[in-house]
Amino acid sequence: MAGEAVASFQAHKIPPTVTASISSRIHGRHLGLPVRAGHSNIAADPAPRREQRKPEKALNLPSSISSILHLNLDTHLPTNLLSVLHLNGNDHRSPKDDVLSHYLKNTPTASPKENIASIWREIHGARDWAGLLDPLHSWLRREIVKYGEFAQATYDAFDDDRFSRYCGSCRFGRSRLFSQLGLAHNGYEVTRYLYAMSHVEMPTWMERSLHAETWSKDSNWMGYVAVSSDEETRRIGRRDIVVAWRGTVTPAEWSKDVQQRLEPLHDAGGKLQHDRHKDVVKVEHGFRSLYTSKAESTRYNKTSASEQVMEEIRRLVKMYSDRGEEVSLTVTGHSLGGALALLNAHEAAAVGIPGLSHVSVVSFGAPRVGNAAFVGELEELGVKVMRVVNQQDLVPRLPGAFFNEDLGKIFPVESLDWVYSHAGVELEVDTKSSPYLKQSMTDLPAFHSLETYLHLVDGLGSVVGAFRREVRRDVALVNKACGLLRDELKIPACWYQPSNKGLVRNAHGRWVVPERDPEDIPSPLRHRAPPPSPSRSPNSQGAVPYLVAA
């Protein structure tokens with residue numbers, strides 16, 4: 001790996017002296033890696049020593065990767081859950097398991113809904129979240145979890161059964177999505193579904209049905225657009241448009257599928273042009289393809305994901321700003337979805353939509369998307385980005401695990417347009433901080449899981465403080481698609497699945513795959529709302545009267 005890194009530098013005509021220094025620092029693990037506050041990225045060179053033969057040691061690959069990428073995977077003794085929760089397990093009439101079970105089953109799972117109208121801009125990054133992150137402000141925590149649940153909905157509703165004719169689609173129509181997933185309390189209504197395809201071969205990003213009569217051979221459901229109800233709008237201080245993008249689940253998919261190639265974001269005749277002395281704005285090739293690909297021969301991607309989402313954002317902004325309302329756009333996503341969220345927010349801010357007052361991104365476990373020029377352009381456009389990152393998650397280190405935004409701080413390189421950079425403000429969480437989770441070194445998919453992220457955000461008080469006792473989200477959600485919860489909690493691993501894996505008994509007593517309800521069958525004619533009636537408006541419950549099932 002170190003040899004490949006040096007070769008890459010040589011390909012960009014870096015001076016030999018710098019290349020040699022790079023090689024030594026790669027082997028010394030001091031190149032472009034995130035560090036904690038108060039720690040230097042560069043260690044002083046040790047004094048020369050006489051070479052001594054040391055006994056060979058077997059390479060511990062997980063430990064080596066952890067050390068190189070600062071994933072902090074060292075294990076430690078488990079904490080007693082009863083002591084953390086201040087529960088009394090000494091009563092012989094109440095076994096410890098019963099005390100813990102009673103506590104977890106009889107505490108509320110929702111935090112109070114505070115009125116944040118007076119400080120919504122600060123909560124959405126107007127001052128780059130200064131003074132709100134350490135300790136994490138309770139109002140901000142709740143908003144982060146809300147947007148994370150919108151992103152989680154794209155996983156929970158996605159049909160990934162390759163034996164289903166609807167594999168790759170959403171399992172529910174728009175009018176039923178939030179009610180079926182228990183998210184109606186958040187006060188938003190879905191107005192459009194988004195579909196994507198790619199001209200770049202990305203087999204694990206795009207699910208394909210094995211059924212001969214599949215709903216689509218080219219496209220996947222990639223997310224949705226939603227808007228706040230009247231009641232929620234009053235609480236949060238403006239009409240909020242949300243775009244949630246679906247991502248990938250396992251880090252293994254990234255090592256195979258991410259293209260690792262930056263390409264210019266703007267065409268030569270594009271609207272946004274930079275001074276010729278500035279670096280060219282570039283983004284990752286595969287992400288851009290997924291966001292912009294279309295084909296006239298397809299049913300769902302005659303227009304690209306970019307065109308679909310921008311059309312709906314423009315429609316909603318005009319509709320509500322014409323009524324004199326202030327309108328914001330919040331884009332969210334996990335993993336690949338976080339990358340698409342950044343591209344979406346950049347485009348929405350760049351085109352200058354009249355009436356759109358604020359654009360922000362809340363992403364979870366998202367990779368790097370573009371180079372430093374792309375990050376700079378986001379800042380110029382006023383896009384506020386919060387990246388929630390788990391210390392043990394590998395995906396946020398990619399692409400550019402070695403050559404990234406820290407490179408210019410170490411080496412005097414003239415141009416960094418070929419180097420990946422992260423955007424925005426990072427909120428770091430740590431799997432090891434939660435007493436509910438196993439101290440595993442190797443469960444990388446669990447570290448990347450969005451439900452793990454939401455659990456850690458819910459328990460985050462301060463960077464150095466203990467895990468909050470007053471966690472509200474049901475801890476059982478962590479084990480939806482993994483087995484990271486400690487065994488004494490008695491929550492089975494990977495428990496989230498349809499009953500009998502979707503099979504039902506028909507009138508003849510045979511187990512069959514049932515047909516979907518008509519309103520849940522995807523249709524290219526019903527994936528968005530029709531034009532609004534001038535005399536109708538969203539009611540106080542958040543239902544938009546002109547919506548139709550899709």
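These figures come from a predicted structure and were not determined experimentally.

Here is what the cut-offs are and how they apply
Residues numbered from 1 in each chain as written. Predicted model: local features only at pLDDT ≥ 70, side-chain atom pairs only at ≥ 80, totals over all residues. Heavy atoms only, no water. Helix = DSSP H or I, 4+ residues; strand = E, 2+ residues; numbered from the N terminus. Buried < 20%, exposed > 50% of the residue type's maximum accessible area, 1.4 Å probe, protein only. Areas by Shrake-Rupley, 256 points an atom, 1.4 Å probe, with all protein chains shown as cover. Expected span 1.5 Å × (residues − 1). Axes fitted to C-alpha atoms, helices over the stretch in contact; angles between N-to-C directions. Parallel < 35°, antiparallel > 145°, perpendicular 65-115°, else oblique. Left-handed = near helix turned anticlockwise from the far one by under 90°. Contact = heavy atoms within 4.5 Å. Salt bridge = Lys/Arg side-chain N within 4 Å of Asp/Glu carboxyl O. Core = buried A, V, L, I, M, F, W, Y, C linked by side-chain atoms within 4.5 Å. Domains from an automatic or database assignment. Pairing = 2+ DSSP bridges. Right-handed = clockwise from strand over helix to strand, strands pointing away. Patch = residues over 30% accessible without salt bridge, like charges linked within 9 Å, V, L, I, M, F, W, Y side chains within 5 Å.

K.L.:
What am I meant to see in the overall build of the protein here?
P.N.:
Check the secondary structure of the protein and you find 17 helices and 13 strands. Residues classed as buried in the protein amount to 52% of the 550 residues present. Carbon and sulfur atoms make up 52% of the accessible area of the protein, which totals about 26200 Å².

K.L.:
Even after reading the chapter, I still don't get helix α7 (residues 138-156), so can you show me in this structure?
P.N.:
Structural remark: α-helix, 3.6 residues per turn; residues separated by three or four positions point the same way. Along its 19 residues, α7 runs 26 Å from first to last C-alpha, staying within 8% of the 27 Å computed at 1.5 Å per residue. With 17 of 19 residues buried, α7 is to be regarded as a mostly interior element.

K.L.:
Mind showing me how you'd approach the packing of helix α12 (residues 305-321) against helix α13 (residues 336-350) here?
P.N.:
Angle between the axes and distance between the axes: these two values describe a pair of packed helices. Across the interface, α12 lies against α13 with an axial gap of 11 Å and an inter-helix angle of 50 degrees. By the angle class used here, α12 and α13 are oblique. Between α12 and α13 lies a crossing of right-handed hand. Of the residues in α13, those in contact with S306, V309, M310 and I313 of α12 are N344, E347 and A348.

K.L.:
What's the story with the environment of E380 in this structure? I'm lost.
P.N.:
Mapped onto the fold, E380 is located in helix α14 (residues 372-380). Residue E380 is classed as exposed on the basis of its relative accessible area of 57%. Residues E380 and A349, 31 residues apart in the sequence, show an inter-C-alpha distance of 9.8 Å.

K.L.:
Can you walk me through the pattern of salt bridges in this structure?
P.N.:
As a working rule, side chains carrying opposite charge can pair if their charged atoms are close by. Per the counting criterion, the structure on display carries 28 salt bridges. Among the ionic pairs, K384 bridges to D128, the shortest N-O distance being 3.2 Å. Of this pair, K384 sits in strand β9 (residues 384-390) while D128 sits in the loop between α6 (120-123) and α7, and the two are 256 residues apart along the sequence. A relative accessible area of 41% places D128 in the partly exposed class.

K.L.:
Sorry if this is basic, but what is going on with the nonpolar core here?
P.N.:
Nonpolar side chains tend to gather and get buried jointly when the protein is soluble and globular. Of all hydrophobic cores here, the largest spans 59 residues; its most connected members are L140, I144, L177, F178, Y224 and V388. Per-element tally for this core: the top contributor is α7, with 8 residues. Both domains that meet at this core, namely domain 1 (1-107 + 432-451 + 460-497) and domain 2 (123-429 + 511-520), each give it at least three residues. Ignoring anything within four residues of it in the chain, the contact list for L177 reads A157, C170, F172, V190, Y193 and Y224. Counting 46 residues, the second largest nonpolar core, distinct from the first, contains F287, L290, A349 and V383.

K.L.:
What exactly am I supposed to notice about unusual backbone geometry here?
P.N.:
Among all residues save glycine, negative phi is the norm, and among peptide bonds the norm is trans. Of note, the amide linkage connecting D134 to P135 takes the cis form, showing an omega dihedral of 5 degrees. Its location among the elements puts P135 in the loop between α6 and α7. At the junction of L398 and P399, the peptide bond is cis and its omega measures out at -25 degrees in the coordinates. Positive phi, normally seen in glycine, also occurs at D128, with a value near 55 degrees. Residues other than glycine seldom take positive phi values, yet K501 does so here, at roughly 55 degrees. One can find K501 in the loop between α17 (450-459) and β12 (504-505).

K.L.:
Is there a simple way to think about the pairing of strand β7 (residues 356-364) in this case?
P.N.:
Each regular strand displays side chains that alternate between the two surfaces of the sheet. Counting buried residues along β7, 8 of its 9 residues qualify, which places the element largely inside the surrounding structure. Across 8 bridges, strand β6 (residues 327-334) lies against β7 in parallel orientation. Within β7, the residue paired with L329 across the bridge is V359. Note that the unit made of β6, α13 and β7 has a crossover that is right-handed. In terms of strand pairing, β7 meets β9 through 5 bridges, oriented parallel. By the bridge assignment, F364 is partnered in β9 with V388.

K.L.:
Would you take a moment to explain α13 for this structure?
P.N.:
Between the first and last C-alpha of α13 there are 21 Å, a value that for 15 residues agrees with the 21 Å anticipated at 1.5 Å per step. Among the 15 residues in α13, 14 count as buried, and that is most of the element.

K.L.:
Whenever I open this one, a nonpolar patch on the surface confuses me. Can you help?
P.N.:
Taken together, L503, W511 and V513 make up a surface patch of nonpolar side chains, about 290 Å² in accessible area. Within the secondary structure, W511 sits in strand β13 (residues 511-512). Accessibility expressed as a relative area gives 44% for W511, which makes it partly exposed.

K.L.:
Would you explain the side chain of T452 in this entry?
P.N.:
As for its placement among the helices and strands, T452 is situated in helix α17. On the accessibility criterion, T452 (0% relative accessible area) is buried. Beyond its immediate sequence surroundings of up to four residues, T452 is in contact with N390, L437, A446, V478 and L484.

K.L.:
For this particular structure, what's the right way to read the environment of F364?
P.N.:
Relative to the helices and strands, F364 is located in strand β7. Given a relative accessible area of 0%, F364 falls into the buried group. Separated by 32 residues in sequence, F364 and P396 place their C-alpha atoms 8.8 Å apart. For F364, the residues in contact, after removing those within four places along its chain, are I144, Y147, G148, T332, G333, H334, S335, V388, L450, Y453 and L454.

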